[in-house]
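# Structure at a glance
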Amino acid sequence: MKLATPPTSTDWILSEDDFLPNHIEANGNKFLIGNGYMGLRGTLEEFGKEHLAACTLSGLYDQSGDKWREPVNAPHAYNLTLIVDGIELSTLKSELVQHSQQLDLANATHRRSTTYQLPSGKTIKLEINRFLSLDQKHLGVMQCRIEASEPCLVSVSSHISTDIWDINGPHLEAFKSDAMEGTLCLESHTVEKQITVVVASTIESSEELPFMCESATNMHLCEFKAEAGIEYSFCKYIATHTGVESHDPKAAAITTLETARSLGLDAIKESHDQAWKKRWTNSDVQIEGDEEAQNALRYSIYHLLIAAPENDHASIPARGLSGQVYKGAIFWDTEIFMLPFFDHTQPELARHLIQYRYHTLDGARRKAAENGFRGAFYAWESQETGDDACTFFNVTDVITGRPMRTYFRDKQIHISADVALAIWRHYQMTGDLSLLTEGGAEVILECARFFYSYASYKPERQRFELHDVVGPDEYHERVHNNAFTNAMVRASLQIALQITELLKAEEPQAYDTLIAKLSIAEELAGFEHMAANLYIPAPDKDTKIIEQFDGYFKLEDNRPESLKERLIHPNEYWGGGHGIATTTQVIKQADVVLMLHLFSEQYASEIKQANWEYYEPRTEHGSSLSPCVYALLAAELGKTEWAYKYFLRTATIDLTGKSKQFIGDLYIGGTHPAANGGAWMAAILGFAGLRTGGDTVQLNPQLPESWEQLSFRFAKLGQWFSVKITADQIEVTADATNAKAIEFDLSGDLLACEVGATIQTNR
Ligand code: IFM
């Protein structure tokens, strides 16, 4: 069985067929396009920085003054000014006959189509398609068409704007423009590290549209007499290069444009479409019988695919490439919520995301040392160097206006365990030992070393404990023995021991080199001792509930809805010193429940059930990372209706725009790739019940009632499989190009899936 090739049918197109000024900001996120190197917000071409138009660059950060470091937005070149018979046309001020904004998920293309009416009665149709090439990462394309109902004088211009939307900018200075043979080139450099940023553009048009370029305004412009009913078209190519990846970004930008011109739009588009087709072939999930779920899940997958870099120096920020929110930083979101999707469907992209952590290992070492520990303490908010961008005062109290001391940065130690677990899981999925020898093992050992230096041994209780931490639930800071953190730390130590055994057996030379490089031989016995004696809060023997941290049960028992009544200001932060949730059992996001999902095989169903039921009503879901975890465990427990409710909440987050926009006075809008990854996990690991950690791949589906069929692909150990699940059958087909058979457990039936063969089981 092969999945159908991605169609261009309407179910791949997200459309809004009206212009609503109050949707401008939300649509910037909703209609975002990207290619892993750049993200271009879904704003219309007549908008500027006041409407949050931006092209955000991956992996390039800057600090302006003592403001927060954040990613750099490039000079904006995806704009167009249209003047007809002396009147400037814009959705904001002109009469519209028709307007639609579309996003084609199949190839990440943004389309706008607007028909304006002039006071004279003439109508002008403007259509613009734009995309960021997936196979030439530095190239963006704007393809424009103009058609008038009656003869008129048209003036079009498009520039490279130095008026850039920044949250904590300005980040670029020393602008220098140049115009040569129809090409505009704007050079600048970042404020902090003087890294060069070049945006260059050229326009390809027919002779009847004689574009000129003006270096003083960085503008291409053209005036022409339009005849009635004739379509006039032109294409703007935009090249963006920086000193991060090029010694001579200006020359690189000129070459990108020359190549674009020589290839021409059709060829550029064709290879872009092919690159997208390749991505979708393995990543698409098809749900028959539930259009809403299908669209929302595909849209979620789209957001993961547009944000993934294809190099080891960047990873996916918490708000993807939708702007500078959360400092463009990489959190645990990537390892725990996004990597499962990439591991299963895009192992090469997954490897880059993991290698980013090797690339930033020195930053993690610096952080551990600064805090008085050994090993690697990863940044809670990581940028290009791995130093922590998270500040000690990350939230401002909306009532007093005072900065609040938050402990995300120095106490959320689970981040190093999240990194270690993700590397190990990628290895289990791919069998790629080179990931371990090329940095993965070093990261894991340094994380274990950090935890060994962090833990305290309590002789009176004969166990190790982890004090003064923040777990995933950030409303309760500086707690002792957070169950999730302790379980993750134990797993990291066990993984460290497993990889040393593995390397010793399979790559003895690499093993010797690494152990000598880290001088870690003597600590290994300590890791073993700690792993065997680390306290993991156990389920209560009567209620089966696991206490989230020491003393949690003594807190006031309350529920988010009634707690809300205590708010003085709607944007008040619920945690911190005086937060309304701090002294109660109301938690921000899945914590114990996440632990039960991640270590599912270690806990009996009745324990998972009791804890899901206990924590669910006490969870505020104040983080977009939370609902998917409740969906995952609910699906595993057969609570399909609950699972579906939480799945849909996760999968639609960037469609509805219904997510928190503020914490205190901090703007946190943008896209939510962790929730997008969570939607994939809920569908595939949850509803399909896919488990790939062991030698036997398991499928234990529990489909929502309306889902007639669920189809998807995944890879295990480099072998690709297509899965089709209906109410009464599970079918798995191995690609004919596979090299070996893999054993499956299909709802209890053990079957080997040979190369090119199909196995099935009736349910
Ligand atoms: O990583 C999350 C965290 O768990 C909750 N606050 C937002 C962060 C970024 O998504």
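Owing to the predicted nature of the structure, the values given are computational and were not obtained by experimental measurement.

What counts as what
Residues numbered from 1 in each chain as written. Predicted model: local features only at pLDDT ≥ 70, side-chain atom pairs only at ≥ 80, totals over all residues. Heavy atoms only, no water. Helix = DSSP H or I, 4+ residues; strand = E, 2+ residues; numbered from the N terminus. Expected span 1.5 Å × (residues − 1). Buried < 20%, exposed > 50% of the residue type's maximum accessible area, 1.4 Å probe, protein only. Arc of directions from axis to C-beta. Contact = heavy atoms within 4.5 Å. Pairing = 2+ DSSP bridges. Near = heavy atom within 4 Å. Polar contact = N/O pair within 3.5 Å; in protein donor to acceptor, adjacent residues only side chain to side chain. Nonpolar A, V, L, I, M, F, W, Y, C, P; charged D, E, K, R; others polar. Salt bridge = Lys/Arg side-chain N within 4 Å of Asp/Glu carboxyl O. Phe/Tyr/Trp six-rings, centres within 6.5 Å; stacked < 30°, edge-to-face > 60°. Lys NZ or Arg CZ within 6 Å of the ring centre and 35° of its normal. Core = buried A, V, L, I, M, F, W, Y, C linked by side-chain atoms within 4.5 Å.

Taking 1.5 Å per residue as the helical rise, helix 2 (residues 249-263) with its 15 residues ought to reach 21 Å, and the 21 Å between its terminal C-alpha atoms agrees with that figure. Those residues of helix 2 lying buried are Pro249, Ala252, Ala253, Thr256, Leu257 and Ala260. Projected onto a plane normal to the axis of helix 2, the buried residues spread over an arc of 135° and lie on a single side. Counted as exposed and oriented over 90 degrees from the buried face of helix 2: Glu258 and Ser262. Buried residues along helix 2 sit against strand 11 (139-148), strand 14 (183-190), strand 15 (196-205), strand 18 (231-242) and helix 3 (265-283). Just downstream of helix 2, glycine 264 is the residue with a positive phi angle, here 85°.

As a further point, take the side chain of histidine 414. Locating histidine 414 in the fold gives a position in helix 9 (residues 414-430). Histidine 414 has contacts with Trp332, Trp380, Val470, Gly471, Pro472, Phe484 and Thr485, leaving out every residue within four places of it along the chain.

Now for the sheet that holds strand 27 (residues 697-699). Across the sheet, which stays open at both edges, the 4 strands sit in the order 26-27-31-32 with mixed pairing between neighbours. Of all the strands in the sheet, just strand 26 (690-691) and strand 32 (749-753) have a single pairing partner and so form its edges. Relative to strand 31 (residues 742-746), strand 27 runs parallel, the two being bridged by 3 bridges. Following the sheet pairing, leucine 699 is matched in strand 31 by leucine 746.

Our next topic: unusual backbone geometry. Cis rather than trans, the peptide bond between glycine 169 and proline 170 has omega equal to 0°. Relative to the assigned elements, proline 170 resides in the loop between strand 12 (152-159) and strand 13 (172-180). Of note in the backbone geometry, leucine 52 takes a positive phi value of approximately 65° without being a glycine. For lysine 327, which is not glycine, the phi dihedral falls at a positive 60°. What makes lysine 327 buried here is its relative accessible area of 3%.

With respect to spatial proximity, the complete set of residues near the ligand consists of Ala318, Tyr326, Phe331, Trp332, Asp333, Trp380, Glu474, Lys588, Gln589, Ser623 and Leu625. Glutamate 474 is positioned such that a nitrogen or oxygen atom in its side chain is 3.4 Å from a nitrogen atom of the ligand. In the model, an oxygen atom of the ligand is placed 3.0 Å from a nitrogen or oxygen of the glutamine 589 side chain. The class makeup of the residues in the shell around the ligand is 6 nonpolar, 2 polar and 3 charged.

The next point concerns the sheet that holds strand 5 (residues 70-74). Across the sheet, which stays open at both edges, the 4 strands sit in the order 2-3-4-5 with antiparallel pairing between neighbours. What marks the edges here is a single partner per strand, and that holds for strand 2 (33-34) and strand 5. In terms of strand pairing, strand 4 (residues 55-62) meets strand 5 through 4 bridges, oriented antiparallel. Bridging across to strand 5, threonine 56 finds its partner in asparagine 73.

With 5 of 6 residues buried, strand 30 (residues 729-734) lies mostly within the body of the structure. Pairing of strand 29 (residues 719-726) with strand 30 involves 5 bridges; the strand directions are antiparallel. Within the sheet, the bridge partner assigned to isoleucine 725 lies in strand 30 and is isoleucine 730. Joining the antiparallel neighbours strand 29 and strand 30 is a turn of 2 residues. The pairing of strand 30 with strand 33 (residues 758-762) spans 5 bridges and is antiparallel. Each residue of the ladder has a partner; that of glutamate 731, found in strand 33, is glutamine 760.

This paragraph deals with the environment of aspartate 735. With respect to the secondary-structure elements, aspartate 735 resides in the loop between strand 30 and strand 31. According to the relative accessible area criterion, aspartate 735 is buried, its value standing at 10%. As for aspartate 735 and alanine 757, which are separated by 22 residues in sequence, their C-alpha atoms are 7.7 Å apart.

In this section: the pattern of salt bridges. Two side chains with opposite charge may pair up if their charged atoms get near one another. In this structure the tally under the stated criterion is 46 salt bridges. Lysine 250 is paired through a salt bridge with aspartate 178; the nearest N and O atoms lie 2.9 Å apart. In this pair, lysine 250 sits in helix 2 while aspartate 178 sits in strand 13, placing the two residues 72 residues apart along the sequence. When its relative accessible area of 25% is taken as the criterion, aspartate 178 is described as partly exposed.

Mapped onto the secondary structure, proline 151 falls in the loop between strand 11 and strand 12. Separated by 290 residues in sequence, proline 151 and alanine 441 place their C-alpha atoms 69 Å apart. Residue contacts for proline 151: discarding those within four places in its chain leaves Lys122, Ala226, Glu227 and Ala228.

For the structure shown, the criterion picks out 42 aromatic pairs. Judged by centre distance (6.3 Å) and plane angle (65°), the rings of phenylalanine 714 and phenylalanine 744 are edge-to-face. With phenylalanine 714 in strand 28 (residues 709-716) and phenylalanine 744 in strand 31, the pair connects residues that are 30 residues apart, well separated along the chain. Accessibility classification places phenylalanine 714 together with phenylalanine 744 in one group, the buried group. Among the aromatic residues, those joined into a ring-pair cluster are Tyr326, Phe331, Trp332, Phe337, Trp380 and Phe484. Its guanidinium or amino end placed over the ring of tryptophan 68, lysine 327 lies 3.9 Å from that ring's centre, counting from NZ or CZ. One residue, arginine 618, lies across the ring of tyrosine 614, its end atom 3.6 Å from the ring centre.

This next bit is on the nonpolar core. By size, the foremost hydrophobic cluster in this structure holds 218 residues, and its most contacted members are Phe342, Phe647, Leu699, Phe712 and Phe744. No other element matches helix 11 (residues 483-506), which puts 13 residues into this core. Ignoring any residue separated from it by four or fewer positions in sequence, one finds leucine 699 in contact with Ala688, Gly689, Leu690, Phe712, Val723, Ile725, Ile730, Val732, Phe744, Asp745, Leu746 and Ser747. The next biggest cluster of nonpolar side chains, apart from the first, holds 14 residues, and it includes Val141, Val198, Tyr237 and Leu257.

Looking at where threonine 406 falls in the secondary structure, it is placed in the loop between strand 21 (403-404) and helix 8 (408-411). Accessibility expressed as a relative area gives 0% for threonine 406, which makes it buried. In terms of polar contacts, threonine 406 uses its side chain to reach the backbone amide nitrogen of asparagine 394, at 3.2 Å. Every residue in contact with threonine 406, bar those within four places of it in the chain, is listed here: Thr391, Phe392, Phe393, Asn394, Val395 and Glu477.

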